[in-house]
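The chain contents come next:
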Amino acid sequence: MGAALILVLVAVGSVLFHLLSPWWWTPIASNWQYIDHTINLTFWITGFVFTAIVLFTAYCVFRFRHQPGRLAIYNPENKKLEWWLTIGTAVGVVAMLAPGLFVWNQFVTVPHGASEIELVGQQWQWSFRLPGEDGRLGKSDPRNVSPENPLGLSPNDPDARDDIIIEADELHLPIGKPIKVLLRSIDVVHGFYVPEFRTKMDLVPGMVSYVWFTPIRTGPFEILCAELCGSGHSNMRGKVVVDEEREYKAWLQKQKTFAQSLKQTKQAEAAR
Amino acid sequence: MVDTTIGAAGAVPPAEVKDVELYHPKSWVTKYVFSQDAKIIAIQYSITALSIGFVALVLSWLMRLQLAFPSAFSFIGPSEYLQFITMHGMIMVIYLLTALFLGGFGNYLIPLMVGARDMVFPYVNMLSYWVYLLAVLVLASSFFSPGGPTGAGWTLYPPQAILSGTPGQQGGIILMLSSLILFIIGFTMGGLNYVVTVLQARARGMTLMRLPLTVWGIFTATVIALLAFPALFVGAVMLLFDKILGTSFFMPTIVEMGQHLKYRGGSPLLFQHLFWFFGHPEVYIVALPAFGIVSDLISTHARKNIFGYRMMVWAIIAIGALSFVVWAHHMYVSGMNPYFGFFFATTTLIIAIPTAIKVYNWVLTLWRGDIHLTVPMLFALAFIVTFVNGG
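So, here's what we can say about the structure. (Residues numbered from 1 in each chain as written. Chains lettered and ligands numbered in written order. Predicted model: local features only at pLDDT ≥ 70, side-chain atom pairs only at ≥ 80, totals over all residues. Heavy atoms only, no water.)

1. Concerning the sheet that holds strand E10 (residues 237-243) of chain A
All names here are of chain A.
Part 1 of the reasoning: Here we have five strands laid out as an open sheet, ordered E4-E10-E9-E6-E7, and mixed in their pairing. Two strands bound the open sheet, and with one partner strand each, they are strand E4 (171-174) and strand E7 (200-203). Along the sheet, successive strands turn relative to each other by an average axial angle of 30°, direction set aside.
Part 2 of the reasoning: Relative to strand E9 (residues 219-225), strand E6 (residues 190-193) runs antiparallel, the two sharing two bridges. Paired with Tyr193 across the strands is Leu224, a residue of E9.
Part 3 of the reasoning: Relative to the sheet, helix H5 (residues 245-253) contacts E4 and E10, its axis offset from that of E4 by approximately 140°. (Pairing = 2+ DSSP bridges. Helix = DSSP H or I, 4+ residues; strand = E, 2+ residues; numbered from the N terminus. Axes fitted to C-alpha atoms, helices over the stretch in contact; angles between N-to-C directions. Contact = heavy atoms within 4.5 Å.)

2. Some points on the pairing of strand E8 (residues 209-213) of chain A
All names here are of chain A.
Part 1 of the reasoning: The buried fraction of E8 amounts to four of the five residues, a majority that puts the element mostly inside the structure.
Part 2 of the reasoning: The sheet contact formed by strand E5 (residues 179-185) and E8 spans five bridges and is antiparallel. Residue pairing across strands places Val181 opposite Val211, the latter belonging to E8. (Buried < 20%, exposed > 50% of the residue type's maximum accessible area, 1.4 Å probe, protein only.)

3. Remarks on the interface of chain B and chain A
Part 1 of the reasoning: On the side of chain A, 60 residues touch chain B, which itself brings 69 residues to the contact.
Part 2 of the reasoning: Of the roughly 5700 Å² buried between chain B and chain A, counting both surfaces, carbon and sulfur atoms make up 72%.
Part 3 of the reasoning: Counting across the interface, chain B meets chain A through one salt bridge.
Part 4 of the reasoning: We note a salt bridge from Arg310 of chain B to Glu77 of chain A, for which the minimum N-O separation is 2.7 Å.
Part 5 of the reasoning: Between the two partners, chain B and chain A, sit 13 residue pairs in polar contact (both at pLDDT 80 or more).
Part 6 of the reasoning: Within the residue set of the side of chain B that touches chain A, elements represented by two or more residues are helix H3 (78-114), strand E1 (255-256), helix H7 (268-301), helix H8 (309-322), helix H9 (340-350), helix H10 (352-366) and helix H11 (375-390) of chain B.
Part 7 of the reasoning: Among the elements that take part in the side of chain B that touches chain A, H10 of chain B stands out by supplying ten residues, more than any other.
Part 8 of the reasoning: Residue composition of the side of chain B that touches chain A, grouped by class: 43 nonpolar, 19 polar and seven charged. (Buried area = accessible area lost by both parts, 1.4 Å probe. Salt bridge = Lys/Arg side-chain N within 4 Å of Asp/Glu carboxyl O. Polar contact = N/O pair within 3.5 Å; in protein donor to acceptor, adjacent residues only side chain to side chain. Nonpolar A, V, L, I, M, F, W, Y, C, P; charged D, E, K, R; others polar.)

If you want it as structure tokens, here you go:
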């Protein structure tokens with residue numbers, strides 16, 4: 001009796017907690033509502049199955065509890081029931097899988113015309129690179145990294161010289177335009193994660209990964225490192241600000257290109 | 001002994017090999033310390049696993065206390081926290097759960113439940129325990145090594161696992177990897193025993209389709225472990241080489257805090273693939289024995305046969321087979337080719353079907369049974385709720 005009651009309370013309590021919980025994900029700021037929809041659908045399907053199974057268990061525990069004279073029946077198999085349950089489960093699985101694959105397809109397919117930017121991780125800060133006037137990111141190699149060239153761009157590549165470099169400062173993005181972020185690390189594996197954008201991708205040294213999204217809401221958002229990267233991991237945060245087109249242009253004007261910052265360092269050295 | 005035939009003629013086939021005399025210990029030491037008796041080895045395994053598990057338990061208390069009262073527990077800084085979380089995770093998954101379920105329950109229950117007189121290789125079985133104990137001691141010694149135990153996370157992802165930004169990179173990581181290598185060597189000796197005993201040493205008449213589900217769970221988990229642990233083994237050896245000999249298996253060109261390191265051209269993702277090729281089956285290595293035990297508990301305390309025994313066996317086998325093609329669902333956002341995601345999402349959800357079948361059959365076993373709410377039964381029922389919720 002008590003056990004059955006506890007089981008019912010677990011089932012009802014779980015549903016109530018889901019409906020009344022004060023904890024929910026942060027308001028979305030990108031085009032990935034699909035991800036939220038998919039996880040909601042999964043919650044509903046698995047929640048239904050969970051409640052059904054726990055309530056059925058509670059009923060059995062109450063109805064067939066040991067009483068003097070009760071005899072269990074002999075029922076080792078029921079082919080028909082087992083097949084129907086299998087098919088029902090398969091239908092539920094397809095209902096969760098199909099939308100998931102649909103969303104994943106969008107996740108990996110970058111739309112044409114997405115502007116490319118680069119994000120570089122290192123222990124324990126975020127840096128960014130924008131393609132500059134030619135619209136192309138120049139070559140880079142971690143072997144080029146030095147105090148005056150923190151992201152390791154190729155000094156001889158003309159595509160690289162006009163690239164805009166933002167080291168350990170906030171990144172601005174224009175609202176409503178698809179962005180493809182190329183991800184690169186020069187030391188260990190980091191993880192690019194902005195909860196409001198819903199997307200997440202690791203930065204792996206030795207290779208370039210990517211992720212894309214379209215910001216739909218202006219404001220500052222925090223970048224968190226989502227892959228354990230050493231003792232400073234919890235402090236590895238950055239800031240991305242989504243702007244209206246005009247403010248974005250104004251911010252962009254103020255940024256220095258790779259060639260400019262190289263020149264500046266040289267002048268500073270000469271002055272010394 | 002005279003052979004007796006039960007029921008239909010030929011139900012119990014005649015013995016093909018004569019019974020072998022059991023190993024008889026001659027002294028206290030050979031009986032209780034260097035024992036070749038599976039039951040004693042099981043108890044040794046269980047006590048060792050629970051002891052090191054207690055260390056992990058204390059670590060989890062410390063972590064929660066730090067979260068609850070950060071100022072009172074300020075001696076736990078970021079580095080210590082990472083070390084605690086790493087040791088807690090690794091101990092729980094490998095040194096406690098794997099050892100307790102396979103080394104402890106496996107050794108105790110397999111010979112008794114399949115009607116074997118002992119494990120088929122008692123001496124190797126004994127060695128298995130002692131190598132396991134050595135692995136535990138090497139792991140525990142890392143708490144006392146300079147710099148403390150490794151704080152690389154239980155997944156030990158390179159490059160950070162062996163670089164200076166991670167706590168315990170002097171001695172801790174070397175001891176951790178050595179301990180894992182020892183554990184796998186010890187486990188392989190035990191695992192071969194369990195598999196061969198189940199396949200070769202069953203009592204006459206104990207066909208595979210009559211095995212208790214507990215044995216099916218432990219048996220399948222052992223087969224999975226024997227196939228999955230080698231991936232971790234090579235990963236650990238290669239990472240150890242990267243650390244000690246300066247090879248570049250997992251280490252690309254790296255600039256660490258402004259310093260150019262000598263590594264060139266390795267692949268951090270290769271380690272992640274090796275790790276999860278072991279790491280995902282590991283989930284089932286610790287789950288399947290528990291599934292089996294719960295099946296038998298529910299059946300016993302509901303005074304009914306387990307519902308759909310044959311389906312249960314096939315579900316265990318299906319889960320075991322599928323567990324090898326789902327590993328990269330731990331790596332969707334790891335930077336691997338994202339098109340792999342389609343394959344691994346599909347296989348991952350397919351594995352839900354045999355798992356769901358097992359849950360249905362547990363609760364259907366309760367139907368029209370005679371349910372005795374004993375403590376083991378309450379545990380089994382709570383397991384179903386927890387598993388449906390979390391699994």
